Amino acid sequence: MKNKYIMALDQGTTSSRAVIFDHEGEIVSKAQREFNQYFPEVGWVEQNPNEIWGSILAVMVEALGNGDIEAEQIVGIGITNQRETTIVWDKKTGKPIYPAIVWQSRQSQPIVDTLKAQGYEPLFREKTGLLIDPYFSGTKIKWILDHVKGARKKAEKGELAFGTVDSWLIWKLSDGRTHVTDCTNASRTMVYNIYEHKWDEELLAILEIPLAMMPEVHSSSEIYAHTVPHHFFGLEVPVAGVAGDQQAALFGQACFEPGQVKNTYGTGGFLLMQTGSQPVKSQHGLLTTVACSVGGERSYALEGSVFVSGSAIQWLRDGVEMVKSAPESEELARKVESSDGVYVVPAFVGLGTPYWDSEAKGSMFGLTRGTRKEHIVRATLESIAYQTRDVLEAMMKDSGIPLKTLRVDGGASQNDFLMQFQSDIIGVPVDRPEVVETTALGAAYLAGLAVGFWKDQAELKAHWKLQQQFTPEIGVVVREDLYRGWKKAVEATQLFKN
Ligand SMILES: Nc1ncnc2c1ncn2[C@@H]1O[C@H](COP(=O)(O)OP(=O)(O)O)[C@@H](O)[C@H]1O
Ligand SMILES: O=P(O)(O)OC[C@H](O)CO
């Protein structure tokens, strides 16, 4: 008999991936495609939902082909996606009425300013665990309904559908038969009540979003739909797992115990701490969000976002051209003993957790006549680790749980210098697993649990294998000295507004 597999569709901000996993949780094949980003105005980021769908169709075929795997061998599909990105489409024609508004897009800032001025922040925070920010879907939906002619009327009549990218893909895979999302994605919309587990009618009313356009909210692991045969080689394969990409990574990292934390070093840095069955309210600028819902059990997480993480290295490469490739940053950083007192604060798009300062600009401190390119490169890598510590400090304060280890993944986690410095600056081990495609793995796990491919979470936990552990190599005095310098640099950065 031929081996059976699970296919994960990882629909990220800049590319779509299909990753096929075997029963041991190992990758047997994958494929990846980039798609276009559109920047129609300063600060706006949009995508074409049909291009997203096209890229997904392409990678499904390529991943099967690359691994010489037949479609019949896929027993379940899991979906994980860039979160918050907002799509509104016509239920009858299946056509989007506006491009996808990407999570990074700021066009709904004026709506946010009005909501804040009206004093709604505490209400939204209390019910959704989020802040009022253009990042989340709620004000993006309102923006579309306000700007596309006739849209609100159609939405009121139940003719339009809203979805994050997971909903859109399930709609397409099922040929318009299923309009659903999972609770992790719902918890990023700013209109989902994370305590009552439902769309919050009061918040929907404030944003003038008709309930009729919202998808049904389900758990993260169950059969939502089957592929229609013409989209999947004549087969009806169950779509059985869904989670937002950061929550999927937490699951893929097997962070099931309260207090376990993962950090994904991608374009941005996303830290999630598993807090178990109880949501923890943050006093230190973190978000409270749904971590997962499997087998009737729902868990929560505290989340912190570092806006510029791996993209600081893209800046070194493409902006100031100090490195030719991202891996070269490691080579250069190792050429000097230290950053020699140089601090780079990469606040290129403001500062995220815990500062939430949208006006901060990037800055550099401590330059001398002796400063070389290598010091600046090193300081930029170090800034990624300092920002991570900022978030972890907030997590420790909010949860009261001391950090034992940090599990890492994402592109920049391949940088050994960065991982060592990360461990040095937080004073606990940093654990890098063998499978760093943890986002896709999490989605595969969720689908595999629903179709009986895997038995339970204990089985999944046993799959997690350490590839390399980085342990602290500097003492507490040096560590705290370095970190104090960083805090001063951030303080000075925030003072500089022009
Ligand atoms: N060896 C490396 N050292 C430092 N940064 C790296 C390295 N390799 C990749 N990166 C950074 O990681 C990011 C890409 O990671 P990825 O997980 O693919 O991100 P995303 O999913 O957000 O597109 C880029 O910003 C890149 O600069
Ligand atoms: O697609 P990524 O990996 O950049 O992740 C985006 C996040 O889900 C945004 O909240």
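About the criteria used
Residues numbered from 1 in each chain as written. Chains lettered and ligands numbered in written order. Predicted model: local features only at pLDDT ≥ 70, side-chain atom pairs only at ≥ 80, totals over all residues. Heavy atoms only, no water. Near = heavy atom within 4 Å. Polar contact = N/O pair within 3.5 Å; in protein donor to acceptor, adjacent residues only side chain to side chain. Areas by Shrake-Rupley, 256 points an atom, 1.4 Å probe, with all protein chains shown as cover. Nonpolar A, V, L, I, M, F, W, Y, C, P; charged D, E, K, R; others polar. Domains from an automatic or database assignment. Buried area = accessible area lost by both parts, 1.4 Å probe. Salt bridge = Lys/Arg side-chain N within 4 Å of Asp/Glu carboxyl O. Helix = DSSP H or I, 4+ residues; strand = E, 2+ residues; numbered from the N terminus. Pairing = 2+ DSSP bridges. Axes fitted to C-alpha atoms, helices over the stretch in contact; angles between N-to-C directions. Contact = heavy atoms within 4.5 Å. UniProt positions renumbered as here; feature names shortened; annotations may be inferred. Buried < 20%, exposed > 50% of the residue type's maximum accessible area, 1.4 Å probe, protein only.

Some details on the site of ligand 2
Lining the immediate environment of ligand 2, one finds Gly12, Thr13, Gln82, Arg83, Glu84, Trp103, Tyr135, Asp245, Gln246 and Phe270. Between ligand 2 and glutamate 84, the relevant distance is 2.7 Å, taken from an oxygen atom to a side-chain nitrogen or oxygen of the residue. Taken by itself ligand 2 offers 310 Å² of open surface, and the protein chains cover 86% of this. The residue makeup of the shell around ligand 2, split by class, is three nonpolar, four polar and three charged.

Thoughts on the domain arrangement of the chain
As assigned here, the chain comprises domain 1 (5-218) and domain 2 (253-497). A separation of 25 Å is found between the C-alpha centroids of domain 1 and domain 2. Summing both partners gives a buried area of about 2900 Å² for domain 1 against domain 2, and 62% of it is carried by carbon and sulfur. Where domain 1 packs against domain 2, one counts six salt bridges. In this structure, the salt-bridge partner of lysine 30 is glutamate 437, at a minimum N-O distance of 3.2 Å. Connecting domain 1 to domain 2 are 16 residue pairs in polar contact (both at pLDDT 80 or more). If one sorts the elements of the side of domain 1 that touches domain 2 by residue count, strand E5 (residues 74-81) sits on top with five residues. Residue composition of the side of domain 1 that touches domain 2, grouped by class: 18 nonpolar, nine polar and eleven charged.

A few points about the sheet that holds E5
Spatially, the six strands line up as an open sheet ordered E3-E2-E1-E5-E14-E13, and their pairing is mixed. Bordering the open sheet on either side are strand E3 (27-34) and strand E13 (221-226), each of which pairs with just one other strand. Ignoring which end each strand starts from, the neighbouring axes of this sheet average 25° apart. Where strand E2 (residues 15-21) lies against E3, seven bridges are found, and the strand directions are antiparallel. Looking at the pairing, valine 19 lines up with lysine 30 of E3. Contacting strand E1 (5-11), E2, E3 and E5, helix H1 (residues 49-66) crosses the sheet at an angle of about 150° to E3. Most of the contacts of helix H6 (residues 165-173) go to E5, to which it runs at about 145°, and overall it touches E1, E5, E13 and strand E14 (238-244).

Re the UniProt feature "binding site: ATP" (unreviewed entry) in the chain
In this structure's numbering, the residues bearing the UniProt feature "binding site: ATP" (unreviewed entry) are Thr13, Thr14, Ser15, Thr267, Gly310, Gln314 and Gly411. The exposure class assigned to threonine 14 is partly exposed, which follows from its relative accessible area of 44%. Excluding its chain neighbours within four sequence positions, the residues that come into contact with threonine 14 are Glu34, Phe35 and Gln37. Looking at where serine 15 falls in the secondary structure, it is placed in strand E2. The exposure class of serine 15 is buried, given its relative accessible area of 5%. If we skip the residues at most four places from it in the chain, serine 15 touches Asp10, Gln32, Arg33, Glu34 and Phe35.

Re the site of ligand 1
The environment of ligand 1 is formed by 15 residues, the closest being Thr267, Gly310, Ser311, Gly411 and Asn415. Between ligand 1 and glycine 411 there is a distance of 2.9 Å, counted from an oxygen atom to a backbone nitrogen or oxygen. Alanine 412 is positioned with one of its backbone polar atoms (N or O) 3.4 Å from an oxygen atom of ligand 1. Considering every element that reaches the shell around ligand 1, the biggest residue donor is helix H10 (residues 310-319), with four residues. Its residues assigned to classes, the shell around ligand 1 comprises four nonpolar, ten polar and one charged.

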